[in-house]
Each structure stands twice: as structure tokens, then as C-alpha cells.
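Spelled out from the first residue to the last, the chains are:
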Amino acid sequence: MNHTSCLYPLLSDTNQERTEILYGAQNALNVSLKLVANAKYKIDLMADSKASTVYVCLDEYKNSLAQVKGKGVQIRFLTEITKDNISYCKQLMKYVDELRHLDGVKGNFAASESEYNASVSLQQERPLMQTIYSNVRAFVDQQQYIFETLWNKGTPAEKKIKEIEEGVIRCETRIVENPDEVIKEIGR
């Protein structure tokens, strides 16, 4: 286990593939900001419902997203939109190209075309305390696939926000084949 104390300079000066675990709020922040700064085409972010507050309340994140968006980098953000974070999600929509909702999102990660980082669940309006960073091509590709799969299940933010604000109960038709899931649905 690597207890890197100052990763930021390492990330900017090497092309060597590696995966590292970083501890401390400053290292976690630095690796996240560096991933955003290094992105050339896209950044895909998935975060639990508390994370939206971090992305709009911490100027470092907000400014970093605004800067790369201004350079034409596509930013997609997947989170759970709730009554508690709806105002933050509306603000976040100014900094990302597309925001989607997915029920029950757990965990947090970001993937660009060449890097990946993940963190434990975020505390509201507080920075990360530890993170995993990787630029190993196979691992980055795997995480991009996972994001794409979840993204395709997401609901556009505008639709979810409207549902919450207007008190609309979403109707959904699903085919349930697993017997345990059928029993669970009948019990609702």
C-alpha cells in the first residue's frame, strides 16, 4: 500500500502506468483536480447524492470543471438527485454538459480518456480524505465501460428535477424475471 504524501508533482511529469492509493484531503483533492486538468476530450463523473455539494461548494472543483468545459472537454455527471441536493444539482448543471439521475448511486469515481480515480463516500461540503488513482489503460477502459452502462440507465436531470418539484410519481414498466425480485415487487 502506497501512502503517498505528495502525488501532485508525480502525476504531471510521468507517463508510467500505475495505480496508487492516496491519503489525506490535499492529496485526494490534487489527484482529482489533476485528472480534470489532464482531460483532453471527456470526463465522466459518478457520485453519490452528497457529492454534488462538494462540486459546487468547493471553488477548486467548480473552477476546474468550468475551465476544462471552456476548452471543449465533454463533462457528464451521474448522481442521485434528491429533495436534499436538488439546488446543488441545478447549480452543477452550469458546470457540466449533461447531468443524469440514477436511484441509489453508491460510491464516487471519475474517468477521463486516460485516467481514473475513485473515492470513498463524500461528506457534505467537505473534501475527500482518500482516493485511488490509476492511469493503467485496461483499468481506465473497464471503468469507462462501467460508467457507460450506468449512464445509459440514468434519467436526464431536467426530468428528475421536474418530478421532484411537481411531486410527480414516476411510472415505470419493467420485466422482472428473477423469482426473488418478483416476490419483492409484489410485497411493495
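Quantities reported herein were computed from a predicted structural model and do not represent experimental measurements.

Rules behind the numbers
Throughout, residues of each chain are indexed from 1 in the direction in which the sequence is written. Note on the predicted model: pLDDT of at least 70 is required for a residue's local features to be given, and 80 or more for side-chain atom pairs to be given and counted; whole-chain, interface and lining totals, by contrast, use all residues. In computing side-chain values, all of the structure's heavy atoms are included and hydrogens and water are not. By definition, any uninterrupted DSSP run of H or I lasting at least four residues is a helix, any uninterrupted run of E lasting at least two residues is a strand, and each is numbered from the N terminus. Remark: exposure states derive from per-residue accessible area (1.4 Å probe, protein chains only) relative to the maximum for the residue type, with buried under 20%, exposed over 50%, and partly exposed in between. Should any heavy atoms of two residues lie within 4.5 Å, those residues are counted as being in contact. Only the protein chains shown count as cover for residues, and the accessible areas themselves come from Shrake-Rupley with a 1.4 Å probe. Pairs were defined over the aromatic rings of Phe, Tyr and Trp, the Trp ring being its six-membered one, requiring ring centres within 6.5 Å. Orientation was assigned from the angle between planes: stacked under 30 degrees, edge-to-face over 60, tilted for the rest. Pairing of N or O atoms within 3.5 Å defines a polar contact, subject to two protein rules: one partner must be a possible hydrogen donor and the other a possible acceptor, and residues neighboring in sequence count only if both atoms are side-chain atoms. Just to be clear on terms, a salt bridge is a Lys or Arg side-chain nitrogen sitting within 4 Å of an Asp or Glu carboxyl oxygen. By definition, two strands form a pair when at least two bridges between them are found by DSSP.

(A) Representation of the overall build of the chain. A tally of helices and strands in the chain yields eight helices and eight strands. Relative to its full complement of 188 residues, the chain shows a buried share of 43%. Sequence-distant contacts, at least 24 apart, represent 67% of the contacts inside the chain between residues at least 6 apart. Put simply, the chain shows about 10,700 Å² of open surface, and 50% of that area lies on carbon and sulfur atoms.

(B) Layout of the packing of aromatic side chains. Taken as a whole and assessed by the stated rule, the structure comprises six aromatic pairs. Ring geometry for Phe 109 versus Phe 147: centroids 6.3 Å apart, planes at 85°, classification edge-to-face. In this pair, Phe 109 sits in strand S5 (residues 108-112) while Phe 147 sits in helix H6 (residues 137-153), placing the two residues 38 residues apart along the sequence. Of the residues examined, Phe 109 reaches a relative accessible area of 10% and is grouped as buried.

(C) Highlighting the side chain of Ser 112. Here Ser 112 lies in strand S5. The buried category is assigned to Ser 112, whose relative accessible area is 0%. At a separation of 3.2 Å, a polar atom in the side chain of Ser 112 contacts the main-chain amide nitrogen of Ser 114.

(D) Spotlight on the pattern of salt bridges. Across all of its chains, the model carries nine salt bridges by this definition. Residue Arg 100 pairs with Glu 98 through a salt bridge whose shortest N-O separation is 3.2 Å. Take Arg 100: its relative accessible area is 16%, and that puts it in the buried class. Ionic pairing is found between Arg 137 and Asp 141, a salt bridge with its closest N-O pair at 2.6 Å. With Arg 137 and Asp 141 both in helix H6, this residue pair falls four residues apart, about one helical turn. Residue class for Asp 141 comes out partly exposed when judged on its relative accessible area of 36%. Within this structure, Lys 42, Asp 44, Arg 76 and Glu 148 form a network of salt bridges that share partners.

(E) Representation of the environment of Gln 16 in the model. Take Gln 16: it is sitting in the loop between helix H1 (8-12) and strand S1 (19-23). On the basis of relative accessible area, Gln 16 is assigned to the exposed category, the value being 55%. A sequence separation of 119 residues divides Gln 16 from Asn 135, and the C-alpha atoms of the two residues are 8.2 Å apart.

(F) Focus on the sheet that holds S1. Taken in spatial order, the eight strands make up an open sheet running S1-S7-S6-S5-S2-S3-S4-S8, and their pairing is mixed. Edge positions in the open sheet fall to S1 and strand S8 (155-156), since each of these has one partner strand only. The pairing of strand S2 (residues 42-47) with strand S3 (residues 74-79) spans six bridges and is parallel. Among the inter-strand pairings, Asp 44 is bridged to a residue of S3, identified as Arg 76.

Note that all results are geometric; they support no functional claim without further evidence.
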